[in-house]
Amino acid sequence: MVTRRNLLAAGPAAALLTPLMGATPAQAQAEARGPFRFGLITDPQYAPVVPNAAGVRFYANSLWKLDAAIADLNTHDDLEFVVTLGDIIDRHWESFSHILPVYDKSKHKNHFVLGNHDFDFVPEWLPSVVRTVGMPAPYYHFAVKGVRFIVLDGNDVSTFAPPVGDPRREVAAQRLAALREAGAPNAQSWNGSLSDEQMVWLEACLDAAEAADERVIILCHYPVFPANNHNLWNDQEIVALLARYGNVMAYFNGHNHEGNYGENAGQHFVNFKGMVDTPDTTAYAIISVLDDRIEIEGFGREESRTLMFSAAL
């Protein structure tokens, strides 16, 4: 059984210095290509508390919803991995100890992305989140059958995730103030942005994937397209960068629990629906990456979609 405790243990420095883990283009091209599938979950946002005042988020119910989703995904032997696109918990450090054992029931490798609610507790614990969840770094990448998955950290420059005293908090305050002055709809304190350093890293990953003839799927908690009040603060910068690369197939995210979709430069931007919403209806998906398309099979509230792309894999 694959658990969070036996995920890759490489540190953040390794992720920054080796965009494709040392693989040469020839080595990457030699990797077996072909169709594959993976599971996707977002925003379980578990907490042992009553529903919110609006009666639209049922935090405690996510524990059994996730348990049922993992049990179902375990019946699909061919899944390469299961990824959760952030907001694993909603509050309280102890919530991790309740929900992570549910993920340990997965027979597939778990990959995680962190969201804003994954940092909603006392500041002393902020530096421990990545290690506790079992991630190799706040942002990282991995490859499956000729497709490079790039995991972004939208909490990198934010008012809540960096440790107290970290200079990124001041940068975040400045970025948020500038957006508010400009009247930007995503000028929200519960959003964040990529640091300049992470943007350089992202471009290096994209360049290396292009040189290796790899397709790319971006995974992030926050949306960047179309315009929305949930978007990353530097959404336009990211969309413009991605548009330069014809090998980028899709950008998958959570955060906006209602879901969303857009297409730009032939690239698909899919906002998956949150599991925490509604008292008893789940939301997750199985993604099939095929030669000329991506098929999304939605369960519960999640929609099923077919995302076509022009060039063959």
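Residues numbered from 1 in each chain as written. Predicted model: local features only at pLDDT ≥ 70, side-chain atom pairs only at ≥ 80, totals over all residues. Heavy atoms only, no water.

Looking at an unreviewed UniProt entry, one finds the protein named Phosphatase protein and attributed to Ketogulonicigenium vulgare.

Engineer: Lay out the packing of aromatic side chains in plain terms, naming residues and giving numbers.
Structural biologist: Enumeration over the complete set of coordinates arrives at 17 aromatic pairs. Taking 4.8 Å as the distance between ring centres and 65° as the angle between the ring planes, the aromatic pair formed by Tyr 139 and Trp 201 counts as edge-to-face. Here Tyr 139, found in the loop between helix 5 (129–133) and strand 4 (140–144), pairs with Trp 201, found in helix 7 (residues 196–211); they are 62 residues apart in sequence, far enough to count as distant. For the pair shown, Tyr 139 and Trp 201 are each scored as buried. With a centroid separation of 4.7 Å and an interplanar angle of 5°, the aromatic rings of Tyr 284 and Phe 299 are classed as stacked. Linking Tyr 284 in strand 10 (residues 283–289) with Phe 299 in strand 11 (residues 293–300), this pair joins segments that are 15 residues apart in sequence. An aromatic cluster is defined as three or more aromatic residues linked by ring pairs; in this entry it consists of Phe 36, Phe 38, Phe 81, Tyr 140, Phe 142 and Phe 149. For Arg 91, the ring lying beneath its charged end belongs to Tyr 59, and the centroid distance is 4.8 Å. (Phe/Tyr/Trp six-rings, centres within 6.5 Å; stacked < 30°, edge-to-face > 60°. Helix = DSSP H or I, 4+ residues; strand = E, 2+ residues; numbered from the N terminus. Buried < 20%, exposed > 50% of the residue type's maximum accessible area, 1.4 Å probe, protein only. Lys NZ or Arg CZ within 6 Å of the ring centre and 35° of its normal.)

Engineer: Quick rundown of unusual backbone geometry? Include the residues and the values.
Structural biologist: A cis amide bond links Phe 225 to the next residue, Pro 226, at an omega of -10°. Mapped onto the elements of the fold, Pro 226 is located in the loop between strand 6 (215–219) and helix 8 (235–242). One non-glycine residue, Asp 43, lies in the positive phi region at around 55°. Locating Asp 43 in the fold gives a position in the loop between strand 1 (36–41) and helix 3 (62–74).

Engineer: Report on the environment of Tyr 284, specifying residues and quantitative values.
Structural biologist: Owing to a relative accessible area of 8%, Tyr 284 belongs among the buried residues under this scheme. When the C-alpha positions of Tyr 284 and Ile 70 are compared, they lie 9.8 Å apart, and in sequence the two are 214 residues distant. Excluding residues that lie within four positions of it along the chain, Tyr 284 makes contacts with Leu 40, Ile 41, Ala 69, Asp 72, Leu 73, Met 275, Glu 297, Gly 298, Phe 299 and Glu 302. Of note is the side chain of Tyr 284, whose polar atom sits 2.6 Å from the side chain of Asp 72. (Contact = heavy atoms within 4.5 Å. Polar contact = N/O pair within 3.5 Å; in protein donor to acceptor, adjacent residues only side chain to side chain.)

Engineer: Before we move on, could you go through the pattern of salt bridges and cite the residues and values that matter?
Structural biologist: The full count for this structure, using the stated rule, is 14 salt bridges. Glu 214 serves as the salt-bridge partner of Arg 148, at 3.2 Å between the closest nitrogen and oxygen. Highlighted residues: Arg 148 in strand 5 (residues 147–151) and Glu 214 in the loop between helix 7 and strand 6, separated in sequence by 66 residues. Judged by its relative accessible area of 6%, Arg 148 is buried. Glu 214 sits in the buried class, given a relative accessible area of 2%. Residue Arg 168 pairs with Asp 156 through a salt bridge whose shortest N-O separation is 2.8 Å. Of this pair, Arg 168 sits in helix 6 (residues 167–181) while Asp 156 sits in the loop between strand 5 and helix 6; the two residues are 12 residues apart in sequence, bridging distant segments of the chain. A relative accessible area of 27% means that Arg 168 is categorised as partly exposed. Through salt bridges with shared partners, a single ionic network connects Asp 156, Asp 166 and Arg 168. (Salt bridge = Lys/Arg side-chain N within 4 Å of Asp/Glu carboxyl O.)

Engineer: Report on the pairing of strand 1, specifying residues and quantitative values.
Structural biologist: Most of strand 1 sits out of view: 6 of its 6 residues are buried. Neither face of strand 1 is open: one carries Phe 36, Phe 38 and Leu 40, the other Arg 37, Gly 39 and Ile 41, and all of them are buried. Sheet topology note: the strand 1/strand 10 ladder contains 6 bridges and is antiparallel. Residue pairing in the sheet places Phe 36 in a bridge with Val 289 of strand 10. The sheet contact formed by strand 1 and strand 2 (residues 79–84) spans 4 bridges and is parallel. Considered in strand 2, the bridge of Arg 37 is made with Leu 79. (Pairing = 2+ DSSP bridges.)

Engineer: Go over the packing of helix 7 against helix 8 with me, naming the residues and quoting the values.
Structural biologist: Running from amino to carboxyl end, helix 7 crosses helix 8 at an angle of 15°, the nearest separation of the two axes being 11 Å. Classed by the angle they form, the pair helix 7 and helix 8 counts as roughly parallel. Crossing hand, helix 7 versus helix 8: right-handed. Packed against helix 7, whose contacting residues are Met 199, Leu 202, Glu 203 and Leu 206, the element helix 8 presents Glu 237, Ile 238, Leu 241 and Leu 242 at the interface. Looking at the contact of helix 7 with helix 8 residue by residue, the class counts come to 6 nonpolar, no polar and 2 charged. (Axes fitted to C-alpha atoms, helices over the stretch in contact; angles between N-to-C directions. Parallel < 35°, antiparallel > 145°, perpendicular 65-115°, else oblique. Left-handed = near helix turned anticlockwise from the far one by under 90°. Nonpolar A, V, L, I, M, F, W, Y, C, P; charged D, E, K, R; others polar.)

Engineer: Can you explain the pairing of strand 5? Please cite residues and give values.
Structural biologist: Each regular strand carries side chains that alternate between the two faces of the sheet. With 5 of its 5 residues buried, strand 5 lies for the most part within the structure. Across the two faces of strand 5 the burial is the same, with Val 147, Phe 149 and Val 151 and Arg 148 and Ile 150 all buried. Here strand 4 runs beside strand 5; their pairing, made up of 5 bridges, is antiparallel. The partner of Val 144 across the bridge, within strand 5, is Val 147. Counted along the chain from strand 4 to the antiparallel partner strand 5, the turn is 2 residues long, and its residue Lys 145 has a positive phi close to 50°. Two strands pair when backbone bridges link them, and strand 5 and strand 6 are joined in this way by 5 bridges, in the parallel orientation. Within the sheet, the bridge partner assigned to Val 147 lies in strand 6 and is Arg 215.

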